[in-house]
Amino acid sequence: MTYDDELTEVADQSSADALAILAVYLAATETSPSTSETAAAIAFSVALHNATAVKLADLHLADLLTVSAGRSVLPLGLAPSEGDIPRLTAAVETILAEDSALAREPEPAIAAAPEVAPGNVAPQHERNSLQRVDRLARSEPLEAASHAEGQAVALSDLVVAWTRVLSPGACTKCVAWAEGGREFPKKAAFKRHHGCTCTRGPITKEDRLAERN
Ligand SMILES: [Zn+2]
């Protein structure tokens, strides 16, 4: 299984778990949990998948560097962002509150979809808690992995630069962002969109030496 596949699996599982929790809430039976309990449970579940994604990214980079350096390179032991649970709880509470407000409106106005910054909740046209929770739960681990990869690349003494490795079937935006395989400075910002699975391919000192010989 490739790293891409592994990450996609974590994202899928994160979505499935979040939607299962949401389904119990939306069933609105007497035993259904409250809005805040539901938001907290979804946030906790997504944060767990974020932690798995961070671990995968850390291991993946260590594997790449092991091959490149020709000696074993250990993962850095990166941890997910500390504020994940409160941030995710607030995001899910917003989704659930907006959805129940919408349910009271007979004919909701459908607004044009604005561009959404990574980490934010969905655009207005997806004012549906199922779609929005799915989107959040799926994109979060991918973003956590990408962020961890950036940290690992920046922290590694071996890495001097990176190139954008396009995910299979990458969109035109990502193809443009790769700039034809350009080498970016190791701490350069990595452009990505919601659900993007492109990664950084590290260039090491050893790679540079090999190029010269
Ligand atoms: Zn893309």
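Model, not experiment: these values are computed from the prediction.

Caption draft 1: Quick peek at the packing of helix α1 (residues 3-26) against helix α2 (residues 35-69). Taken N-terminus to C-terminus, the directions of α1 and α2 make an angle of 170°; their axes are 9 Å apart at the nearest point. Here α2 runs roughly antiparallel to α1, going by the angle between their axes. In this structure, α1 uses Y3, E6, L7, V10, Q13, S14, D17, A18, I21, L22 and Y25 to contact α2, whose residues at the interface are T35, T38, A41, I42, S45, V46, H49, T52, A53, L56, A57 and H60.

Caption draft 2: Empty space enclosed by the protein, seen in detail. Going through the model one piece at a time under the given rule, you end up with one cavity of 30 Å³ or more. Empty space within the largest cavity amounts to approximately 40 Å³. As for the largest cavity, its lining consists of Y3, L7, L142, A145, S146, E149, C196, T197, C198 and T199. At the level of elements, α1 and α4 (129-155) are the ones that each hand at least two residues to the lining of the largest cavity.

Caption draft 3: Looking closely at the coordination of the zinc ion. At the metal site, the zinc ion is ligated by C171 (SG), C174 (SG) and H193 (NE2), and these contacts range over 1.9 to 2.4 Å. As a motif over one chain, the donors of the zinc ion read C-x2-C-x18-H. Separated by 19 residues along the polypeptide, C174 in helix α5 (residues 172-177) and H193 in the loop between β2 (184-185) and β3 (199-204) bring together distant segments of the chain. Residue class for H193 comes out partly exposed when judged on its relative accessible area of 23%.

Caption draft 4: Geometry of the packing of α1 against α4. Following both chains from N to C, one finds α1 and α4 inclined at 145°, their axes separated by 8 Å at the closest point. For the element pair α1 and α4, the recorded crossing hand is right-handed. The segment α1 lies against α4, with Y3, L7, V10, A11, D12, S14, S15, A18, L19, L22 and L26 engaging S129, L130, V133, D134, A137, R138, P141, L142, A145 and E149. A breakdown of the residues in the contact of α1 with α4 according to their chemical character gives 14 nonpolar, three polar and four charged.

Caption draft 5: Representation of a nonpolar patch on the surface. There is a patch of nonpolar side chains on the surface, built from F44, L48 and I85 and spanning about 280 Å² of accessible area. Here I85 shows up in helix α3 (residues 84-104). Relative accessible area serves as the criterion here: at 34%, I85 is assigned to the partly exposed category.

Caption draft 6: Region of interest: the confidence of the model for the protein. When pLDDT is averaged along the protein, the result is 88; 88% of the residues meet or exceed 70. Averaged pLDDT values for the elements of the protein fall to 81 in helix α6 (residues 205-212) and rise to 97 in α5. Within the model, pLDDT remains below 50 along residues 121-126, and this stretch shows 20 contacts once partners closer than five positions in the same chain are excluded.

Caption draft 7: Expanded view of unusual backbone geometry. Even without a glycine there, the phi angle at A28 is positive, about 50°. Topologically, A28 is positioned in the loop between α1 and α2. On the basis of relative accessible area, A28 is assigned to the exposed category, the value being 61%.

Caption draft 8: Broad picture of the nonpolar core. Of all hydrophobic cores here, the largest spans 27 residues; its most connected members are Y3, L7, L65 and A145. Counting residues per element, this core draws most heavily on α2, at seven residues. Excluding residues within four positions of it along the chain, L65 makes contact with G70, R71, V73, S156, L158, V159, P202 and T204. In terms of nonpolar packing, the next biggest core, distinct from the first, is built from 16 residues, A47, I95, L96 and L136 among them.

Caption draft 9: Inspection of α1 at higher detail. Look at α1: 34 Å from first C-alpha to last across 24 residues, which is about the 34 Å you get at 1.5 Å a residue. Considered for burial, the residues of α1 that qualify are Y3, D4, L7, V10, A11, S14, S15, A18, L22 and Y25. Downstream of α1 by one or two residues, A28 has phi in the positive range, about 50°.

Caption draft 10: A look at the state of the cysteines. With the rule as written, the count across this model stands at zero disulfides. Lacking any disulfide linkage, C196 is separated from the closest cysteine sulfur, that of C174, by 3.6 Å. The exposure class assigned to C196 is buried, which follows from its relative accessible area of 3%.

Calculation notes
- Residues numbered from 1 in each chain as written.
- Predicted model: local features only at pLDDT ≥ 70, side-chain atom pairs only at ≥ 80, totals over all residues.
- Heavy atoms only, no water.
- Axes fitted to C-alpha atoms, helices over the stretch in contact; angles between N-to-C directions.
- Helix = DSSP H or I, 4+ residues; strand = E, 2+ residues; numbered from the N terminus.
- Parallel < 35°, antiparallel > 145°, perpendicular 65-115°, else oblique.
- Contact = heavy atoms within 4.5 Å.
- 1 Å grid on protein atoms, 1.4 Å probe; cavity = no way out; pocket = protein on both sides within 12 Å on 5 of 7 lines; lining within 4 Å.
- Points joined across faces, edges and corners; volume = space filled by probe spheres on them.
- Donors = N, O, S within 2.8 Å, 3.2 Å for Na, K, Ca; no water.
- Buried < 20%, exposed > 50% of the residue type's maximum accessible area, 1.4 Å probe, protein only.
- Left-handed = near helix turned anticlockwise from the far one by under 90°.
- Nonpolar A, V, L, I, M, F, W, Y, C, P; charged D, E, K, R; others polar.
- Patch = residues over 30% accessible without salt bridge, like charges linked within 9 Å, V, L, I, M, F, W, Y side chains within 5 Å.
- Areas by Shrake-Rupley, 256 points an atom, 1.4 Å probe, with all protein chains shown as cover.
- Salt bridge = Lys/Arg side-chain N within 4 Å of Asp/Glu carboxyl O.
- pLDDT = per-residue confidence, 0-100.
- Core = buried A, V, L, I, M, F, W, Y, C linked by side-chain atoms within 4.5 Å.
- Expected span 1.5 Å × (residues − 1).
- Disulfide = S-S within 2.5 Å.

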